[in-house]
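Structural overview for review
Read off the chains here:
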Amino acid sequence: MWRAYPRHSVNLSWGCYKAVLGVLARGQVLQGPGVEQFEAEFARFIGVRHAIGVSSGRAALYLAIKALGLAEGDEIIMPAYTFHIVPLVINACGLKPVFVDVSPDTYNIDVAALEKHITPRTKAISATHMYGQPCDLEPILKIAQEHGLKVLEDCAHACGAMYKGRKVGSFGDLGLFTFAMAKNMPCFGGGMMTTNDSDLYNRLLSLVQFPQSNRHKSLWKEVISTTINYLCTRPKMFALGIYPLMRALSAAGSPAFDREPGQETVSPAEIQGKFPTRLTNLQAAVGLHQLTRIEAINSKVSQNARLYNQELQAHNQIKTPQLSSERTHTFLYYRLEVADRPNLRARLFRKGVDTAPDDMSDCTTLAPFYQYNVNVPVARSLPEKILEIPNNLNLREDDIRYIARCIKEAAGPADSYRPDTPKSL
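What comes next concerns the included structure. (Residues numbered from 1 in each chain as written. Predicted model: local features only at pLDDT ≥ 70, side-chain atom pairs only at ≥ 80, totals over all residues. Heavy atoms only, no water.)

Some thoughts on the overall build of the protein
Broken down by element type, the protein carries 15 helices and 15 strands. When the backbone C-alpha atoms are referred to their principal axes, the protein occupies close to 60 × 55 × 40 Å. Looking at the protein as a whole, 57% of its 425 residues are labelled buried. For the protein, the proportion of contacts with a sequence separation of at least 24, taken over those separated by at least 6, is 78%. For the protein, the accessible surface area stands at approximately 17900 Å², while carbon and sulfur atoms represent 52% of it. A gap of 6 Å separates the mean positions of the 47 positive and 40 negative side-chain charges of the protein. (Helix = DSSP H or I, 4+ residues; strand = E, 2+ residues; numbered from the N terminus. Buried < 20%, exposed > 50% of the residue type's maximum accessible area, 1.4 Å probe, protein only. Contact = heavy atoms within 4.5 Å. Areas by Shrake-Rupley, 256 points an atom, 1.4 Å probe, with all protein chains shown as cover. Lys, Arg positive; Asp, Glu negative; His and termini not counted. Charge placed at Lys NZ, Arg CZ, Asp CG, Glu CD.)

Quick notes on the packing of aromatic side chains
Tallied over the full model, the rule gives 19 aromatic pairs. Where Phe42 meets Phe179, the ring centres are 5.7 Å apart and the plane angle is 75°; that geometry is what we call edge-to-face. Note that Phe42 is positioned in helix H2 (residues 34-46) and Phe179 in the loop between strand E9 (174-178) and strand E10 (191-195), a separation of 137 residues in sequence. Relative to Tyr107, the ring of Tyr81 lies with its centre 6.3 Å away and its plane at 65°, an arrangement referred to as edge-to-face. Here Tyr81 is found in strand E3 (residues 81-82), whereas its partner Tyr107 is found in the loop between strand E4 (96-100) and helix H5 (111-114), with 26 residues between them in sequence. The same class applies to Tyr81 and to Tyr107, which are both buried. Three or more aromatic residues link up through ring pairs in this structure, and these residues are Phe38, Phe42, Phe45, Phe177 and Phe179. (Phe/Tyr/Trp six-rings, centres within 6.5 Å; stacked < 30°, edge-to-face > 60°.)

Some thoughts on the sheet that holds strand E15 (residues 386-389)
One open sheet accounts for four strands, arranged E11-E12-E15-E13; its pairing is antiparallel. Looking along the sheet, the strands with just one partner apiece sit at the ends: strand E11 (318-319) and strand E13 (356-357). Across two bridges, E11 lies against strand E12 (residues 334-338) in antiparallel orientation. From the neighbouring strand, Ile318 faces E12, where its bridge partner is Val338. Along the sheet, helix H13 (residues 341-350) makes contact with E12, E13 and E15, crossing E15 at roughly 15°. (Pairing = 2+ DSSP bridges. Axes fitted to C-alpha atoms, helices over the stretch in contact; angles between N-to-C directions.)

With respect to a nonpolar patch on the surface
Taken together, Trp14, Leu21 and Leu24 make up a surface patch of nonpolar side chains, about 350 Å² in accessible area. When you line up the elements, Leu21 lands in helix H1 (residues 14-26). Looking at Leu21, the relative accessible area reads 48%, which means it is partly exposed. (Patch = residues over 30% accessible without salt bridge, like charges linked within 9 Å, V, L, I, M, F, W, Y side chains within 5 Å. Salt bridge = Lys/Arg side-chain N within 4 Å of Asp/Glu carboxyl O.)

Regarding the pattern of salt bridges
Summed over the entire model, instances satisfying the criterion amount to 25 salt bridges. One salt bridge connects Glu409 with Lys351, and the closest N-O pair in it is separated by 3.3 Å. Note that Glu409 is positioned in helix H15 (residues 397-411) and Lys351 in the loop between H13 and E13, a separation of 58 residues in sequence. Judged by relative accessible area, which is 30%, Lys351 ranks as partly exposed. The structure contains a network of salt bridges with shared partners spanning Asp136, Glu138, Lys164, Glu326 and Arg327.

Quick notes on the environment of Arg215
Turning to its location among the elements, Arg215 is positioned in helix H8 (residues 215-232). Among the residues examined, Arg215 registers a relative accessible area of 13% and is labelled buried. Sequence-wise, Arg215 and Glu260 are 45 residues apart; in three dimensions their C-alpha atoms are separated by 29 Å. Those residues in contact with Arg215 that lie beyond four places of it in its chain are Leu30, Ser55, Thr280 and Gln283.

As for the sheet that holds E10
On the basis of which strands lie adjacent, the open sheet formed by seven strands has the order E1-E10-E9-E6-E5-E2-E4 and mixed pairing. Here the strands that pair on one side only, and so sit at the sheet edges, are strand E1 (50-54) and E4. Pairwise comparison of adjacent strand axes, ignoring direction, gives a mean angle of 25° for this sheet. In the sheet, E1 pairs with E10 via five bridges, with the strands oriented antiparallel.

With respect to the pairing of E9
Within E9, five of the five residues are buried, leaving the element largely enclosed by the surrounding structure. Covered by surrounding structure in E9 are Leu174, Leu176 and Thr178 together with Gly175 and Phe177, the residues of both alternating faces. Summarising the sheet, strand E6 (residues 150-154) and E9 pair through three bridges and their orientation is parallel. Across the sheet, residue Glu153 finds its bridge partner in E9, namely Gly175. Where E9 and E10 come together, four bridges link them in antiparallel fashion. The partner of Phe177 across the bridge, within E10, is Met192.

Brief notes about helix H6 (residues 137-147)
Residues spaced three or four apart along an α-helix point in a common direction, a consequence of the helix completing one turn every 3.6 residues. Of the residues making up H6, those classed as buried are Leu137, Ile140, Ile143 and Ala144. Looking down the long axis of H6, one finds its buried residues gathered within 130° of arc, a one-sided arrangement. Seen from the buried face of H6, the exposed residues on the opposite side, beyond 90 degrees, are Lys142, Gln145 and Glu146. In this structure, the buried side of H6 is in contact with H5, strand E5 (122-128), E6 and strand E7 (162-163). Immediately downstream of H6, the backbone of Gly148 shows phi near 65°, a positive value. (Arc of directions from axis to C-beta.)

Have a look at this one:
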């Protein structure tokens, strides 16, 4: 079997499907005792008093805005470089996202530039842990306290990441998590909100409703699509079936599964109608099993990342992820900053290494926010340079070294160490 590696894989196991079968046998797909049990176990895992399971990460953001009592015209400060859905949900709720540039080393919000964006209408800061690396929470919390602002931790990439000895999601007023297919802890969809504020928790409970029978269709659609992706990214299936198909599509001029980022929209009617729904019992049962695996998942992909960094950080055409000693990184995505990304991707693809272009956006370029005219030079430069390479549980040490060798060969010779890239990990 020739070498072929998918850009991403789905972190499922037989235990997840065993949990699904158990739920089916008991006839408790939508509602059941697993939801509260999962919430309690997740709260214990993160280190907070309360957790509440919701239908998605988007639902978590919508419910956070409602529970905090934010009103139309209020402002939320957030990084300009992030997943485009975040500011679209904020905008659909009648609030204004205020964009701040990001650090060129971590791609997290530039704390030094944050405070000057605070206005009398500012009510909250969205602290995103990009790609799984915690942002600078200590100074963010200090600024928030000085100005009377709420802090929302966007932990979509960072379930299990640590900042100064504590898990992210335990610092802000609310922590927001998602269990979507591409995350490190997929549960066939769903999300979670964490907090130490009992009053805030009770307000959230009053906002959510238990899933009704019309939830079946979307739930089983998620189960089926996630399972298909899981099977298609298994090593043998990808190498023998999917990769040859991708080569054929590429030869025919198809983008081979690439999607243009930032195209999805969010309407106020959609978020008000779909989002305020509790996690299903099936998702909770899967989540309970995934909690037994999450530390091992994070450890394995972090180990892969350390080896990638050792192999790649000396190359002057490649910028590897950076990490400080006071935090841990889940490496949900291992993404490089490269020159001439289209040609590099094409060369790697011919060698059997599937990669992904950036699916984050400089959100100041999205149509609803053109008029803001914000100067964010780092965020503006990133979407054309970021490259995701394979990093999953199926990779062995020799696979990592092979992929790294392919990247170095495809990028061309490196004459010296990149002077502006500090050593990482």
